[in-house]
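# Working through the structure, step by step
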Amino acid sequence: MAQANPNISENRPVIRQLDDAAINRIAAGEVVERPASAVKELVENAIDAGATRVAIDIADGGKTLIRVTDDGCGISAEDLPLALSRHATSKIDGSDLLNIHTFGFRGEALPSLGAVGRLAITSRVPGADAAQIHVAGGKMEAVKPAALRAGTVVELRDLFFATPARLKFMRTDRAEAQAITDTVKRLAMAEPAITFTLRDVSGGGEGRVTFRADRENGNLFDALYARLARVIGREFAENALQIDASREGIRLYGYAALPTYSRGAAVAQYLFVNGRPVRDKMLTGALRAAYFDFLSRDRHPAAALFIDCDPTLVDVNVHPAKSEVRFRDPGVARGLIISALRHALAEAGHRASTTVANATLGAMRPEPTQPAPVRVYQMDRPSPAARQAAFQAQAPGFAELSRDYSGSFVDPVPAASVAVEEPTPQDLPLGAARGQVHENYIIAQTTDGMVIVDQHAAHERLVYEKLKTQMAENGVAAQALLIPEIVELSEGDCARLMAVADDLSRLGLTLEPFGGGAIAVRETPAILGEVDARAMILDILDELADQGESQTVQARIEAILSRVACHGSVRSGRRMRAEEMNALLREMEATPHSGQCNHGRPTYVELKLSDIERLFGRS
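A brief structural summary. (Residues numbered from 1 in each chain as written. Predicted model: local features only at pLDDT ≥ 70, side-chain atom pairs only at ≥ 80, totals over all residues. Heavy atoms only, no water.)

## Considering helix α14 (residues 455–474)
Its 20 residues place the ends of α14 29 Å apart at the C-alpha level, agreeing with the 28 Å of an ideal helix rising 1.5 Å per residue. Two or three places before His-456, at the opening of α14, Asp-454 has a side-chain oxygen 3.2 Å from that residue's backbone nitrogen. Within two residues after α14, Gly-475 carries a phi angle of roughly 85 degrees, on the positive side. (Helix = DSSP H or I, 4+ residues; strand = E, 2+ residues; numbered from the N terminus. Expected span 1.5 Å × (residues − 1). Polar contact = N/O pair within 3.5 Å; in protein donor to acceptor, adjacent residues only side chain to side chain.)

Okay, here's the thing in structure tokens:
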């Protein structure tokens, strides 16, 4: 039996004008999703007010208390009631909504918070007395005098007390506090000239500081480097590349980590547009595409990137929480991110993450079973001549015996019959080869340490880069299909695919419209051999719908090149001569991206002599 349509009523619906309290609560549902949203709105107001110090106090994950104190310009007593009115703001005049220079501009945050919580604002402007106003559940009280030295204090208690149903959707205090911390950290990254302090005062008292970032001095990049080291971590800063590029009125700057400093999830990707933290699919897709050739699909790059442009080139009024933006020409922004990051990665050459060496040293350092007094051994390091004399006296014939074992030894001093002069180690970033162990790992000596190289992974990357260069110079060979394959699609999908047909043609995939929503696949990349054209087309469409650009064909081609490089490189288990090992090291130094293999893993580990000596208890 068919059920009655619930949308059809015997009584004609009547249009009503909602009261201000209901309107503010609806607006609060859009703007204030959780305590972290309220913190974001209040801290952004403090930054817009020109504050140099912002202190945030929270209790019970922000559910019972959020207090934001700043030393900004303040709000006059006459303006306090107006500040709690909807769509009242000092940041724009309403004449041009595309020329926004501040975080806030809608005038919705304070009245929305006052509609769902107990809000108190205490403020003082220079040359006037401080004043305070209270509003609870949308009911505003009269302005009264208060005591405050300067700036503004906004105190929000019992968030969502006026809408109890919203409290059921709150997460645990710990989860909400973590979300607030993440919000404050993102804002702190964009404002290195401001001191931020986050304190948890649950239970009363002074509480505890959960995050603090003092004001950074210096130029843009020095201050930003120090702030990112404080917020993201020192390891990120040490393994990040400086980015600074411009194109068509858009500037991109910041820091992006080396591929070997990758993460298992996209948790270390911070993107900002005109100082505003955003989570934009187009921008994250561009970041992913820039690292496309250096990371496997289960690894994610780490970066903090800032885009500055004329406000008229980007629309920030496309999302209630202003967390998404829309560029007038998204292709320019996307292309700038990809080209700037790839250029920086190429200039990094063979550099690899220092975290690899730290992990190696950590694995080598034994864990003491019981506390023991620290013993420091001070020893004089013998000269090279003394070391060789001792070696010959204690282990004669070692070089000959070593041929029967998995390790091989390279004499540090060339024999008299050999005319090749060994390069000076201090002049070579990866040092000079000293030996090979297990027929797979090259041991090289540098000026201040040693390098261990995975010969197969390193040579595989070198061959892969050569193959890519040859393909870029000669193009991708295409093979014509004897009978074109017809793929039926919707008209929308067909139009989306034909819009990128020229780009696909340069990769050897030639498509033509075949009437209606059908397309004809005329040619496919020869290097791929026999392919399922329909499955490839559907994969391309999925990527276009999700990211606006497809890497499917290029990914398949480069996967073939990677397999060719793997089979054409030096295999594990092959014993190499000294000149071969040194030649491999020199080629690594001259080849971009040689610090990581085709899957983002390191090709070498560098250990500093000071760290090695600490392992053996030397001073």
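Having seen it, we continue.
## Things to note about the packing of α14 against helix α19 (residues 578–590)
One way to put it is that α14 packs onto α19 with a least axis distance of 10 Å and a crossing angle of 50 degrees. Of the possible angle classes, the one that applies to α14 and α19 is oblique. The two elements α14 and α19 cross, and the hand of that crossing is left-handed. In contact with Gln-455, Ala-458, His-459, Leu-462 and Lys-466 of α14, α19 contributes Leu-584, Glu-587 and Met-588. Its residues assigned to classes, the contact of α14 with α19 shows four nonpolar, two polar and two charged. (Axes fitted to C-alpha atoms, helices over the stretch in contact; angles between N-to-C directions. Parallel < 35°, antiparallel > 145°, perpendicular 65-115°, else oblique. Left-handed = near helix turned anticlockwise from the far one by under 90°. Contact = heavy atoms within 4.5 Å. Nonpolar A, V, L, I, M, F, W, Y, C, P; charged D, E, K, R; others polar.)

## What about unusual backbone geometry?
The backbone of Asp-60 sits at a positive phi, close to 55 degrees, despite the residue not being glycine. Looking at the secondary structure, you find Asp-60 in the loop between β1 (53–59) and β2 (65–70). Note on Asp-60: relative accessible area 29%, which makes it partly exposed. In this structure, Asn-274 is a non-glycine residue whose phi angle is positive, near 50 degrees. Within the element layout of this structure, Asn-274 appears in the loop between β12 (269–273) and β13 (276–278). (Buried < 20%, exposed > 50% of the residue type's maximum accessible area, 1.4 Å probe, protein only.)

## Some points on the pattern of salt bridges
Overall, the coordinates contain 25 salt bridges when judged by the stated rule. Asp-57 is paired through a salt bridge with Arg-67; the nearest N and O atoms lie 2.9 Å apart. One end of the pair, Asp-57, is in strand β1; the other, Arg-67, is in strand β2, with 10 residues separating them in the sequence. For Arg-577, the salt bridge identified is with Glu-579, shortest N-O distance 2.9 Å. When salt bridges with common partners are traced through the structure, they connect Asp-57, Arg-67, Glu-155, Arg-157 and Arg-199 into a single cluster. (Salt bridge = Lys/Arg side-chain N within 4 Å of Asp/Glu carboxyl O.)

## Overview of the packing of helix α6 (residues 173–190) against helix α7 (residues 220–231)
Put simply, α6 and α7 touch, their axes get as near as 9 Å, and they point 165 degrees apart. The orientation of α6 relative to α7 falls into the category roughly antiparallel. Handedness of the crossing formed by α6 with α7: left-handed. Listed contacts from α7 to Lys-185, Ala-188 and Met-189 of α6 are Leu-224, Arg-227, Leu-228 and Val-231. Classifying every residue of the contact of α6 with α7 gives five nonpolar, no polar and two charged.

## Focus on the pairing of strand β23 (residues 518–525)
Most of β23 is tucked away: six of the eight residues are buried. Sheet analysis places strand β21 (residues 478–488) next to β23, joined by seven bridges and oriented antiparallel. Its bridge partner lying in β23, Gln-479 is registered against Thr-524. The hairpin turn running from strand β22 (residues 510–513) into β23, its antiparallel successor, is four residues long, and Gly-515 in that turn takes a positive phi close to 95 degrees. (Pairing = 2+ DSSP bridges.)

## Comments concerning the sheet that holds β12
Judged by pairing direction, the sheet is mixed, and its five strands sit side by side in the order β10-β11-β14-β12-β13 without closing on themselves. Looking at the sheet topology across the chains shown, the edges are occupied by β10 (240–247) and β13. Adjacent strand axes in the sheet meet at a mean angle of 20 degrees when their direction is disregarded. Strand contacts of helix α9 (residues 281–290): β12, β13 and β14 (303–309), with the helix running at about 130 degrees to β12, the strand carrying the most contacts. Here helix α10 (residues 330–347) sits on the sheet in contact with β10, β11 (250–257) and β14, set at roughly 140 degrees to β10.

Take it as geometry only, folks, not as evidence of what the structure does.
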